[in-house]
Every structure is written in C-alpha cells, then in structure tokens.
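# Overview (structure and organization)
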Amino acid sequence: MTLPLTGETANWLAIPFGFLFGFLLHRGGVADYNVIVNQFRLRDFTVLKIMLTAIIVGGLGVLVLHGNGYAEYHVKPANLLGVALGASLFGIGMVLYGYCPGTGVAAIATGSLHALVGFAGMLVGAVLYALSYSWIEAHIQNVATLGKVRLPDLSGIPDWGWFAILIILAGIVFWFLERKSQTTA
Amino acid sequence: MSDNTNSPSATNPSGRWNPYLVGTALGVLSWLAFAIVNTPLGISTPISSVASFCVIPLMGEEAVATNAYWAKFPFKWNYQTLFLLATFLGSLVSVLASRSFRVETVPAVWCERFGRSSSVRFVAAFFGGAMIMFGARMAGGCTSGHGISGSLQLALSSWVFFLTLFGFGLITAFVLFRGPKCNT
C-alpha cells in the first residue's frame, strides 16, 4: 500500500476522520455557544487550549512527516488584504453566531436550534461570496500578495525555532491559566 | 417563537474531556490526514459546495455551474462533503453517548445580556453565520483549515487569519457584552 491514498479509498476515510473530528469537538466542549463566546470574553480558555495544543502537536508531527517525505505541505496563499478582511468579518461573525463552521455543525447535533439557523446563514454567506467572487478577485485578492509562504521562509528562524517559541508561549499561558483556576476553585 | 429559553448549560457537563487531551487528539488526527489522505482538516469548502447545491432552485443549474467560484468546488460526494457529513455524525454520537442532547434556542450567556427572545437570537445567529462563511471564503479557510491545519504548517496566511480573527472577536465581545444585563 502506498501513501497517500487517493480516489475512492481516500474518500471513504473522510468518514472516520470527520467522525473523530466531530466527536472531539463535542467532547472538547466547543460545540457549546457559551464556551466559545466566553473565550472571547476571556472567561473560558477552552478554545485556546485546544487550538494551541492541536497546532503544536499537529505541527511537530507534520514537520517530522514532511522531513521524511511522508507529508506534503498545503499552504494557503498569503493574499494579505483578503485574509485580513475575511478574518475580521469572521471574528465579528463568530462572536455573533457563537460558533465557527465546524463547531456550528457539531452544535446542530447537540440540539442547538440557533446553530441550525446560523447554518442557513452560512449557506447564504457562501452564495453571496460566490456571486461577488469575480469582483473580489480583481480588487481585493490581488493586493499585498506574498504567495504560499511559511514563517520560516520569511524570517530566517527555522521551523524548530518557531515551534520552540510556540511551546514556550503556550507553556507560560497554560501554566498561568491552570494556576489561576486552582486558586479560584 | 416565544419564550423558549432552556435551562442554562452546565459549565462542566458530564462527558467533557480535558482540552489538552482533545487538542492532542486533533493534532494526531492532523498527522493522519496529512500522511494518509494528503488532505488537511477543513470544513468551510464543503459548506460552500453544499450552498451551491441548495441554491440551484433559485439560481438555476446553468448559473451555478458557470459561476467562476463554484466551478472550482462543484458539489459532489467527495472527500470534503463526506467529511462534513461525518463531522455532524461524530458529534451526534458523542452527544447521544453522553446523554447531552438538549434543544437550545437561546443560550445562557446570550440570554443574560439580550434576553430570552428566540427571534432576536435567531437573527443574530443568521447574520453571524453569513459573516463567518463570507469571511472564511474570502480568507481561504476557517478555524479548521486556517486556524489548525494552516497554523500547524506555520503558514503566514493562517497566522494572519488566526490573530486577526482573535483580535476582532475580542473587540466584538467587549462591545456586545459590556452593557447592562437583561432582567429575565
């Protein structure tokens, strides 16, 4: 068997992988509106704990896999104006909705009717984007374009240096959060 | 739609796992996704494909098929759409296994600030949902595709996305929730 798998075999694996993804989102507590909104109110740090841990563990593994020829990078292009504008809208919308796309889908399964209404909103947002795509491509996505660059390419700091920085930062943040939760508990 | 607020969700319902454990498992899931199917985790692309399918009755098959954006991600039962469906099923099994299914129209934190009207909550959720999907498509990914999969590859675009989204989220939450509490 040669990896990666392609075609229909790969498609079938979407089922266990997606299943685990949804299962983990719910078990992690992030299919809950209150948990997500309270992250942005700095009252609950579940979202940050999960994301930073996933980035560090996932990133170190993918770095090793890539270094040994077992994984390809899929870096999204840095069209910085489009990314920044999109992320701004996303940040505002995420607090209004109380979910992101993945956690919204997971939340519908918990019985959240407002997650379902927001899913309808997501479909409308996708349609509006498709209808404005040509204009956005011509006027926004071609501004401040740096291509598919990675932080090590830009900075001279190697991959392991970035992960060392991330581990130290996350370690300090996690240590502080856990100490605080112990003293208030 | 009238007063239909449900009991506030418990802060630590049974069945919730340690967030560091969940983050680690999502990281390991990323290894598998990269190594076995060469497809990073991501969920906003299939939602866009589903939207293209749903809008056919309104726009007509021709207009959807020739749309410059959807031509790149036409709706079909491929890896991405199966992943989206399986995400829902995975969450559903976790919900049923932990007996935590509960119909919620107005969540506790929202209710505390904006009251128990489900219509007000639904309008906010609808516009919020539209904004995140428009934003995700413009940025090229969402919290999974950019936030986890892109950031773990140390992609510049993804770190710009992650930090900008967090900054705007913090400002939005500050503005939205700093007012007086609603007497419910």
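Now for a look at the structure at hand. (Residues numbered from 1 in each chain as written. Chains lettered and ligands numbered in written order. Predicted model: local features only at pLDDT ≥ 70, side-chain atom pairs only at ≥ 80, totals over all residues. Heavy atoms only, no water.)

Moving on, we get to helix α1 (residues 19-37) of chain B. The end-to-end C-alpha distance of α1(B) is 26 Å, a good match for the 27 Å that 19 residues give at a rise of 1.5 Å each. Here the buried face of α1(B) lies against α1 (7-27) and α3 (46-67) of chain A together with α5 (79-97) and α8 (143-152) of chain B. Structurally, the start of α1(B) carries an N-cap: the backbone nitrogen of B:Tyr20 is 2.7 Å from a side-chain oxygen of B:Asn18. Two residues or fewer past α1(B), B:Asn38 is found with a positive phi of approximately 55°. (Helix = DSSP H or I, 4+ residues; strand = E, 2+ residues; numbered from the N terminus. Expected span 1.5 Å × (residues − 1). Contact = heavy atoms within 4.5 Å. Polar contact = N/O pair within 3.5 Å; in protein donor to acceptor, adjacent residues only side chain to side chain.)

An α-helical segment advances 3.6 residues per turn. Residues three or four places apart therefore align on the same side. Residues and elements named next belong to chain A. Taken across its eight residues, helix α2 (residues 33-40) has eight buried, putting it largely inside the fold. Along α2, the residues that are buried comprise Tyr-33, Asn-34, Val-35, Ile-36, Val-37, Asn-38, Gln-39 and Phe-40. Where α2 begins, one side-chain oxygen reaches toward the backbone nitrogen of Asn-34, 2.8 Å away; that side chain belongs to Asp-32. Positive phi appears at Leu-42, one or two residues downstream of α2, with a value of about 60°. (Buried < 20%, exposed > 50% of the residue type's maximum accessible area, 1.4 Å probe, protein only.)

If you look at the interface, chain A gives 117 residues, while chain B gives 113 residues. Both faces combined, the contact of chain A with chain B buries some 10,500 Å², and carbon together with sulfur accounts for 76% of it. Among the residues of chain A in contact with chain B, A:Phe17, A:Phe21 and A:Arg27 are the three that bury the most area, contributing 7% of the side total. Joining chain A to chain B, the criterion identifies zero salt bridges. Between chain A and chain B we count 32 residue pairs in polar contact (both at pLDDT 80 or more) in total. Residue assignment for the side of chain A that touches chain B shows that the elements contributing at least two residues are α1, α2, α3, α4 (80-97), α5 (101-108), α6 (113-139), α7 (151-155) and α8 (159-184) of chain A. Considering every element that reaches the side of chain A that touches chain B, the biggest residue donor is α6(A), with 21 residues. (Buried area = accessible area lost by both parts, 1.4 Å probe. Salt bridge = Lys/Arg side-chain N within 4 Å of Asp/Glu carboxyl O.)

To continue, consider the packing of α1(B) against α8(B). Residue and element names in this part refer to chain B. Two elements in contact, α1 and α8, have axes separated by 11 Å at closest approach and are oriented at 70°. In this view, α1 runs roughly perpendicular relative to α8, as classed from their interaxial angle. Of the residues in α8, those touching α1 at Leu-26, Ser-30 and Phe-34 are Ile-148, Ser-149 and Leu-152. When the residues that make up the contact of α1 with α8 are grouped by side-chain class, the tally is four nonpolar, two polar and no charged. (Axes fitted to C-alpha atoms, helices over the stretch in contact; angles between N-to-C directions. Parallel < 35°, antiparallel > 145°, perpendicular 65-115°, else oblique. Nonpolar A, V, L, I, M, F, W, Y, C, P; charged D, E, K, R; others polar.)

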